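Survey of secondary and tertiary structure
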Amino acid sequence: MSSSSTRLFIVTLILTAAVWLSFSWPLALHLRDGIPMSSQNVEKGHARAMVPGDHLQLLYHFELLRDMLAGRVPWFHNVYEFNTGDDAERYRPSAYFAPFSLPYALLAAAGGRALAWNLVGFLSLWLTALATALLAGRFATSRLAVYGAALAALLIPFRWVNLLGGSPAGLAMAWVPLTALGVDLAVRDRRMGGGLLAGLAILLACWSDTQVFFFCTISLPLWLLLSWIGSAETGTRDLKRVAAALAPIALFLLAAFFYRYLLHEHLSSSGMGRGRSLAEVKLFSPTWPGFWQWAAEGLQSHIYIGWMLPLLLLAGGYALRRNVRTGAPGSFSTFFVFLLCAAAIGDVMILALGVHGPVDGLALKIVRKLLPPYSMVRQTAKIFCLVPTLAALALALGLEGWLAFATARPRLARGAAILGLLLLAAEMRGQVRPTVCLLDSGQGAYAAVAEDARGAGNPPGALVLPLWPGDSSWASIYEYYAQMHGIRMINGYSPVVRRDYVEQVFRALESANQGWLTDEQLDLLARMKTGYVLVHENAFPEKVSPFPVGLTLDRLRRHPRLSFLGQAENVWAFRIEPAAAPRAPAPPGPGCPVAFPARRWEWESVESGNGTAIEDASAGGGAFWRASDPGAWAGTRPVRAAPDPALYWLVRGRGRGAVEAITLSGEAALPASRLAFDSTEWTWQSIPVSGHDTYGPLQLRFARAEGSVDLDVAMLCSGSWPQAWPPGDRVEIPAACLFHGGHSGGDEVIFRARHDPESAILYGPKLPLPPGLYRMELVFSSGAPAGEPLGRFNVRTREEDESGAVRVTAGRPCVTTWRQTGSLPVNAVFVYARNHDVKVVGLIIEAVHAAQEGLALPGL
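Residues numbered from 1 in each chain as written. Predicted model: local features only at pLDDT ≥ 70, side-chain atom pairs only at ≥ 80, totals over all residues. Heavy atoms only, no water.

**Describing the overall build of the chain**
- Across its full length, the chain holds 23 helices and 30 strands.
- Here the chain has a C-alpha radius of gyration of 31 Å; the compact-globule value for 860 residues is 29 Å, and the two agree.
- Each principal axis of the C-alpha atoms in the chain carries an extent, and together these give about 95 × 65 × 60 Å.
- Residue burial in the chain is summarised as follows: out of 860 residues, 57% are buried.
- Considering only residue pairs separated by 6 or more positions, the chain has 76% of its internal contacts joining residues 24 or more positions apart.
- Working note: accessible area of the chain is about 34,300 Å², and carbon and sulfur atoms make up 59% of it. (Helix = DSSP H or I, 4+ residues; strand = E, 2+ residues; numbered from the N terminus. Rg over C-alpha atoms; globule rule 2.2 N^0.38 Å. Buried < 20%, exposed > 50% of the residue type's maximum accessible area, 1.4 Å probe, protein only. Contact = heavy atoms within 4.5 Å. Areas by Shrake-Rupley, 256 points an atom, 1.4 Å probe, with all protein chains shown as cover.)

Printed below as a string of C-alpha cells:
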C-alpha cells in the first residue's frame, strides 16, 4: 500500500472517529450496554432501557442472521415472529441486511450485541468517508478539498437521523459514494473494475435498504454525466470502452431486480403493492422550513441543510466562476460539474418536500407519472440519501476553486476554508441530540416460558400481550426478548403486514388484550403450537383496551385454563392448560371495584344528523351537541369490548326533553333505554349494557324522542363508582387499579428510573365527581434522599392541563386540594421525573365539603 493510500485510510479513520464521538455522544459511555435509538433526545439523561422502535427491530434481524450462522434456526427462516405453528411457513428469503449483519455476527459473538452494533455503525461511517475521499480525489487535487469532502459527507443530519434511529438506510447510505466512485472509474479510466464496484454497491444497497437502492439506481445517469463531463477525453471513440466498463452494472441490476422479485409476493399480499396514495405521502412529507429550522423534530429534522453549507457552496461557486473568467485550465468543466451537483441538490430538496413542494408538489406528481416505481416511496425525504455525496463532491470542487482563486494569500485561504468546515461541523452537530436505548441482558418471564416448554419437550410458543396488528413498534421489545430466549411468538413487527395475519390471527385473538380468552381461542392457540401467554404490563397504552391493564391481568389470573408461571418486573407469564384443572394460585391482585374508562366520546365530534354543535366552556370538550329538531340522532364510534355484566354507559347531558338510547352489540340492538332530562344543569345518567355476551364492537346511539336535549360526554364504564360523597367520605384506590406504566406488586406499582419514561405514568380515575372541595393524596415511597424531587402531581378535567401541580418529593407526603366546580370527569396524574425509583401505593380521594348540600352527582 502506498504512503498516500495509508494516509487516506488514517486520516479518514481519524475524521470518522472524531465525528462519531461528537455526534453520537453519550453513546461512547454505553458502548457495551446500549445502542442508539434516535437522533433527537427523547429521554432524560439521553438514555433509557428497552425503548421500543426501529432500532430493536433491525437489531432483531441482525440477530436472526447470527442465529442462522450458528445453526440455531434454519437458513432464511424468520421463526420467532408471526409464527402460527409451522416453522416452514416462516421461510423468508432475504439478505438479512448483509453485508453489515455479517461483521455484526462475528463481533457480537466476541463482545456482545451492543458493542457489535455500535462498531458496525462506525464501520459504515468510515466506509462513507473513505469512498467519498476517493471520489473527491478524482475531481480535486488538494488534500484539504479531499478531506473536507470526506468530512462533509459525515455531517449531513439526514445520515444521523437514520443511523441513530435504527433505520437500515443509515448503514446503506455508505453505498451511495461507492456507486458514484465505481461509475467514475468506469467512465474516466475505462476500467471494468469500476463497473463491478458500482454494480456491487447497488446490489448491496438493495440488500440493505430498498429506498437507498432505488435512489442509487435512478441517480446512475447523474453520476455518469458528472464523470463524463469531468473526464479529459470525451470523444465518441471512447464510447465502446466506456460501455464495456459500465456493462457489469447491468448484470448487478438484474440480480438486484431478481432479488426484489423474490420478495414481491410478500409485498403484494400486504396491500402495499399498489403503491402509496398522495394522501398517505402527505402525512410523511416535510415542509420547507425544515431546511433551516434549528433543532427541528420529526420529519422536519430529516431535511436540514442549514446555513453554512449553502454559504460554503456559494463561496466555492464564486471562486470557480472567477477561475473560468481567468481562463484557468480545466476550470470550465470543473465549474460545470459543480453547477450540476448544486442543481441536483436543489432538485433533491424539491422532491424531498413531497406534496408540500412548489405548486402543491407538482415535481413529485410528474416524477410519479414518468417513473411509476416512485409511487412506492412514502417518506419523500428519503431522497436525501443522495445529499451527503452530492454536497461533498460540490464542496470539494468549491474548495479546490477557492484555493486556486486565492493564490495570493494561500495560508489565509486555507485558514478560511478550515474555519468554514469547522463551523459547518458545529452547526450540523447542533441538529443531533442522540438517545441511547440500554439493552437488557435477559428477561425472567420469557426465560421461565422457555425453560417450562423445553422441560416438557416442546418448542416454546407464546402469545404476547398486548397483541397488535403487526405494525406497532411496541412489538420490537417482544422481538428482542423472544429471539434472546428462543421463543416462537404469534406476534411480530413489520412495516409490511400480510392481510391474512390481520384477519385470521389478530382479529381472532384481539380479545386477549382485555383478558378474554374462550375455549375456542385457546384451542386455536394450541393448533398454532402456542402454549403460553406473556403480558407486558408497562406496554399497555389506552389504544389496546377500553380499561386499564389491571383488568386484563385480573381476568388472566382467574382464568380456569391459565396457570401462573411467574412475574419478572413488568412481564407476566402464564401457561395454557389443555383443560380447566386445579392449579397453583396466582399472586393476589388489587381487587379493583371499578375498571376506569379509557374511552370517552364528545358528542359534538361523533357521527350525527339533524343536530347542532354549540360551543360552551362548561362542556367537556368546549362544545356540546343539541338534539332539538325532529329526527336528530348521534352515535359513538364502535369500541371493541369483552363481555362484562358490570358494563354501562355514563352520559352527561341537560335540557328539557328525552332521547332514546340504543346499544348496538355488533349488528344486534340491545334493549333500548329512555333518558329524560329536566334540568339546565349538566347531569349524569347511566345506561346498563345487558346482553353483550360475545367479544365485539359496542356502540351507543341516541335518537331524539321529545323536547330539546344537550349531550356532552359519553364513557364506557365497568364496576361501581360512588355517586354520593358526603363530607369525610374517602376512596382509596390501589395504584395497580389505575392506568399505569412500570410494574405492579399487589396493590403497588413500582417505577424504575432505568426503564420507565419521564411522563404521565400513573393516572385515574377519569370518572366524574360532584361539585365540592376534595383532598387528593398520592401515597408513595422511595429510597431517594429526603427532599429529592420525584415528579409532579396534579388533578385535571382537561387532558393537557397541568396547572396547580405540586411537587412529589422524597420523604414528604404529596397532598393537594381540588375544587370541583362542574361535574366533569376528574383525572389525578403523576408525572414521573426519572430521578429515582419510586413505589406508588395508591390514590386517596376524600370529600372535604360540598358546594351544595348533598354532594352527589346530579342525575344519578
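Anyway, onward from the coordinates.
**Some points on the environment of Gly653**
- Mapped onto the secondary structure, Gly653 falls in strand β16 (residues 647-665).
- Residues within four places of Gly653 in sequence aside, it is in contact with Phe677, Glu681, Trp682, Thr683, Asp710 and Leu711.

**Digging into the state of the cysteines**
- Following the criterion strictly, the structure yields 1 disulfide and no others.
- Shown here is the disulfide that connects Cys592 with Cys737, its sulfur atoms set 1.9 Å apart. As the torsion about the S-S bond is roughly -95 degrees, the Cys592-Cys737 disulfide counts as left-handed. Of the two residues, Cys592 is situated in the loop between β8 (571-576) and β9 (594-595) and Cys737 in the loop between β20 (730-734) and β21 (739-740); the sequence distance between them amounts to 145 residues.
- For Cys737, a relative accessible area of 4% gives the class buried.
- Of all cysteine sulfurs in the structure, the one in Cys385 sits closest to Cys216, which takes part in no disulfide; the separation is 6.2 Å. (Disulfide = S-S within 2.5 Å.)

**Some remarks on the sheet that holds strand β29 (residues 825-832)**
- Strand order across the open sheet formed by 5 strands is β21-β24-β29-β26-β27, with antiparallel pairing between neighbours. In the strand order of this sheet, the two ends are held by β21 and β27 (806-809), each with one partner.
- Pairing between strand β26 (residues 789-796) and β29: 6 bridges, direction antiparallel. Note on β29: the bridge partner recorded for Phe793 is Phe830. (Pairing = 2+ DSSP bridges.)

**What about the packing of aromatic side chains?**
- Applying the stated criterion across every chain, the model contains 33 aromatic pairs.
- Centroid distance Phe82 to Tyr501: 4.8 Å. Interplanar angle 85 degrees. Geometry classified as edge-to-face. Remark: Tyr501 occurs in helix α21 (residues 499-509) and Phe82 occurs in the loop between α2 (54-70) and α3 (101-111); sequence separation between them is 419 residues. The two residues Phe82 and Tyr501 agree in class, both being buried.
- Considering the side-chain rings of Phe215 and Tyr374, the 5.8 Å spacing of their centres and the 75 degrees angle between planes classify their relative orientation as edge-to-face. (Phe/Tyr/Trp six-rings, centres within 6.5 Å; stacked < 30°, edge-to-face > 60°.)

**Examining helix α14 (residues 308-326)**
- For α14, spanning 19 residues, the distance from its first C-alpha to its last is 27 Å, which sits close to the expected 27 Å at 1.5 Å a residue.
- All buried positions along α14 are accounted for by Met308, Leu309, Leu312, Leu313, Gly316, Gly317, Ala319, Leu320 and Asn323. Around the axis of α14, the buried residues are gathered within 165 degrees of arc, so they sit on the same side. In α14, the exposed positions that point more than 90 degrees away from the buried face belong to Leu311, Leu314 and Arg325.
- On its buried face, α14 is in contact with α15 (331-352), α17 (387-405) and α18 (410-429).
- Remark: Gly327 follows α14 within two positions and exhibits a positive phi of approximately 75 degrees. (Expected span 1.5 Å × (residues − 1). Arc of directions from axis to C-beta.)

**Quick notes on helix α10 (residues 210-218)**
- When we look at burial in α10, the residues that qualify are Val212, Phe213, Phe214, Phe215, Cys216 and Thr217.
- If you check the start of α10, you find a side-chain oxygen 3.2 Å away from the backbone N of Gln211, and it comes from Asp209. (Polar contact = N/O pair within 3.5 Å; in protein donor to acceptor, adjacent residues only side chain to side chain.)

**Notes on the packing of helix α1 (residues 3-24) against helix α5 (residues 143-155)**
- Between α1 and α5, the least distance of the axes is 10 Å, while the angle of their chain directions is 35 degrees. In this structure, α1 meets α5 at a crossing whose hand is right-handed. Contact with α1, carried on its side by Arg7, Leu8, Val11, Thr12, Leu15, Thr16, Val19 and Phe23, involves Arg143, Val146, Tyr147, Ala150, Leu151, Leu154 and Leu155 of α5 and no other residues of that element.
- Of the residues belonging to the contact of α1 with α5, the class tally is 11 nonpolar, 2 polar and 2 charged. (Axes fitted to C-alpha atoms, helices over the stretch in contact; angles between N-to-C directions. Left-handed = near helix turned anticlockwise from the far one by under 90°. Nonpolar A, V, L, I, M, F, W, Y, C, P; charged D, E, K, R; others polar.)

**Comments concerning unusual backbone geometry**
- Looking along the chain, the bond that leaves Ala98 and enters Pro99 is cis, with omega of 10 degrees.
- Tracing the backbone through its elements, the reader meets Pro99 in the loop between α2 and α3.
- The linkage connecting Leu465 with the following residue, Pro466, adopts the cis geometry, with an omega of 5 degrees.
- If you trace the backbone, Pro466 turns up in the loop between β4 (461-465) and α20 (475-485).
- Within the chain, His46 stands out as a residue other than glycine whose phi angle is a positive 65 degrees.

**A few points about the sheet that holds strand β3 (residues 435-438)**
- Across the sheet, which stays open at both edges, the 3 strands sit in the order β1-β3-β2 with mixed pairing between neighbours. One side of each edge strand has no neighbouring strand; the edge strands of this open sheet are β1 (34-38) and β2 (47-49). Going across the sheet, the axis of each strand differs from the next one's by a mean of 35 degrees, ignoring polarity.
- Where β1 meets β3, 4 bridges bridge the pair, whose relative direction is antiparallel. Opposite Pro36, over in β3, you have Val436 as the bridge partner.
- Sheet strands touched by α2: β1 and β3. Its angle to β1, the strand with the most contacts, is close to 130 degrees.

**Remarks on the pattern of salt bridges**
- If you walk through the whole model with that rule in mind, you get 35 salt bridges.
- With a shortest N-O distance of 3.0 Å, Glu706 and Arg674 are connected by a salt bridge. Taken together, the residues Glu706 in strand β19 (residues 696-719) and Arg674 in strand β18 (residues 673-688) connect sequence positions 32 residues apart. (Salt bridge = Lys/Arg side-chain N within 4 Å of Asp/Glu carboxyl O.)

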